[in-house]
Amino acid sequence: MSRIVISGASGDLGRRVTRLLLEADPGIELALVTRTPEKLADRAAQGVTVMKGDYRDRESLDAAYSGAETLLLISGLNLGRRISEHRNAIAAAQQAGIRHIVYTSVGGGEQPNNPALSAKDHKTTEQDLRSSGIAYTLLRNHLYAEIVSNVWIAPATASGRLEMATGQGSLAPVAKGDVARSAAAVLRDPERHASGAYEITGPELLSMQDIVRIGSEVHGVPITYVPQTGEQRLAFFDSVGLPRTYDPAMPPSPDGHMWASDELVSADLAVAGGYQALLTQHVKQITGRDPEPLRSVMERVKSVPYDQIDDAV
Ligand SMILES: NC(=O)c1ccc[n+]([C@@H]2O[C@H](COP(=O)([O-])OP(=O)(O)OC[C@H]3O[C@@H](n4cnc5c(N)ncnc54)[C@H](OP(=O)(O)O)[C@@H]3O)[C@@H](O)[C@H]2O)c1
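Residues numbered from 1 in each chain as written. Predicted model: local features only at pLDDT ≥ 70, side-chain atom pairs only at ≥ 80, totals over all residues. Heavy atoms only, no water.

Participant: Could you give an account of the pattern of salt bridges, with specific residues and numbers?
Facilitator: All chains considered together, the criterion is met by 21 salt bridges. Put simply, Arg 82 and Asp 121 hold a salt bridge, and the shortest N to O gap is 2.7 Å. A residue pair is termed long-range when its members are at least 10 positions apart, and Arg 82 in helix α4 (residues 82-96) and Asp 121 in helix α5 (residues 117-130) qualify at 39 residues. Judged by relative accessible area, Arg 82 falls into the buried class, the value being 5%. With its nearest N and O atoms 3.3 Å apart, the salt bridge here joins Lys 284 to Asp 290. Accessibility expressed as a relative area gives 56% for Asp 290, which makes it exposed. Linked through salt bridges whose partners overlap, the residues forming this network are Glu 110, Glu 126, Arg 140 and Glu 199. (Salt bridge = Lys/Arg side-chain N within 4 Å of Asp/Glu carboxyl O. Helix = DSSP H or I, 4+ residues; strand = E, 2+ residues; numbered from the N terminus. Buried < 20%, exposed > 50% of the residue type's maximum accessible area, 1.4 Å probe, protein only.)

Participant: Give me the lowdown on α5, citing residues and values where you can.
Facilitator: Here α5 contains 14 residues, and its C-alpha end-to-end distance of 21 Å stays within 8% of the 20 Å for a straight helix at 1.5 Å per residue. Along α5, the positions that sit buried rather than exposed are Ser 118, Ala 119, Asp 121, His 122, Thr 124, Thr 125, Glu 126, Asp 128 and Leu 129. Each element contacted by the buried residues of α5 is listed here: α4, β5 (100-106), β6 (135-141) and α10 (261-272). (Expected span 1.5 Å × (residues − 1). Contact = heavy atoms within 4.5 Å.)

Participant: Before we move on, could you go through the site of the ligand and cite the residues and values that matter?
Facilitator: Around the ligand sit 26 residues, and of these Ser 10, Thr 34, Arg 35, Thr 36 and Ser 75 come closest. At 2.9 Å, a backbone N or O of Asp 12 approaches an oxygen atom of the ligand. In this structure, a nitrogen atom belonging to the ligand sits 2.8 Å away from a main-chain N or O atom of Tyr 55. Protein contact buries 88% of the 880 Å² of open area that the ligand shows by itself. Elements with a contribution of two residues or more to the shell around the ligand: α1 (12-24) and α4. Across the shell around the ligand, the residue classes tally to 7 nonpolar, 11 polar and 8 charged. (Near = heavy atom within 4 Å. Polar contact = N/O pair within 3.5 Å; in protein donor to acceptor, adjacent residues only side chain to side chain. Areas by Shrake-Rupley, 256 points an atom, 1.4 Å probe, with all protein chains shown as cover. Nonpolar A, V, L, I, M, F, W, Y, C, P; charged D, E, K, R; others polar.)

Participant: Before we move on, could you go through the pairing of β5 and cite the residues and values that matter?
Facilitator: The buried fraction of β5 is high, at 7 of 7 residues. Residue alternation in β5 divides its side chains into two sets, His 100, Val 102, Thr 104 and Val 106 and Ile 101, Tyr 103 and Ser 105, and both sets are buried. Alignment of β5 against β6, held across 7 bridges, turns out to be parallel. Opposite His 100, over in β6, you have Ala 135 as the bridge partner. Regarding the hand of the β-α-β motif, the stretch spanning β5, α5 and β6 is right-handed. (Pairing = 2+ DSSP bridges. Right-handed = clockwise from strand over helix to strand, strands pointing away.)

Participant: Describe the side chain of Glu 126, and please don't skip the residues or the numbers.
Facilitator: Here Glu 126 shows up in helix α5. Contacts of Glu 126, omitting those with residues within four sequence positions, involve Ser 105, Glu 110, Leu 138 and Arg 140.

Have a look at this one:
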């Protein structure tokens, strides 16, 4: 197998995919690309190639992607601005002669009128990939089950109320381990997945009532779902000091992530509008394994801060 580049390799998904690929084939040729190579000092010490590459700096990507055949393009975090960042990555891949790009998109992202701000970015990048002339696979990753567990439910145990603008929508949260296993399997055999657009979901379509019931049982605390309007949620986020719009310079939230309220509320409204109500067998088809149910994820990670969840699962 020829060289695989993982771009966005220092993040949680990148680390998981790297581990899975090395476990499957210790001799695999990898290049790990990140803005912060020091975060991957452990891998560099093991002899894995680690390169500096910033989606905003095309030249850095040209150098980092050179000599590779397959690219895992892990989507960036700069809402709105990442469209041009991903274009830099695609242009660098063309320059480097990369033959296949595997892209981490968002669940339901291609549906017209999806209000989720992140979906607009991903839809544009999907279109850019289709017209790039490079073979591609789209992994439309649904909401991480770890976010439902540790960002939605765990904080709601204090008040017993889960207040969101998700209406009566439903969703199929997927464990990060299953997202990573799917990506690693596609990277090991990209030709088999050429032009594939997979909805990477968990094993169950859950209503908000289902989610609070599971949360109540796992935590042993009654939690009620209290639907809110988008305006009520924006006002709440304002009251706790969350910025309305994403800014790369903003401080991370206590869970270590950089959340902006317009993106969070638009994601809620996408659930309310039914844009996340998709359930597929794609994880099983790609990996041969049944995806992990939300209850199991929650039992495993419920007492760990979101940014400290063990990535070895
Ligand atoms: N499905 C979901 O529920 C969900 C939730 C959150 C995010 N996401 C998306 O899925 C992606 C992977 O998730 P994750 O959990 O691995 O996120 P993560 O842990 O926050 O990692 C994000 C990665 O993107 C890299 N990155 C950010 N901006 C970059 C830039 N300008 N140039 C190069 N690299 C950049 C970061 O690396 P450096 O900072 O070291 O460069 C990091 O490796 C995220 O980036 C986001 O687009 C999905």
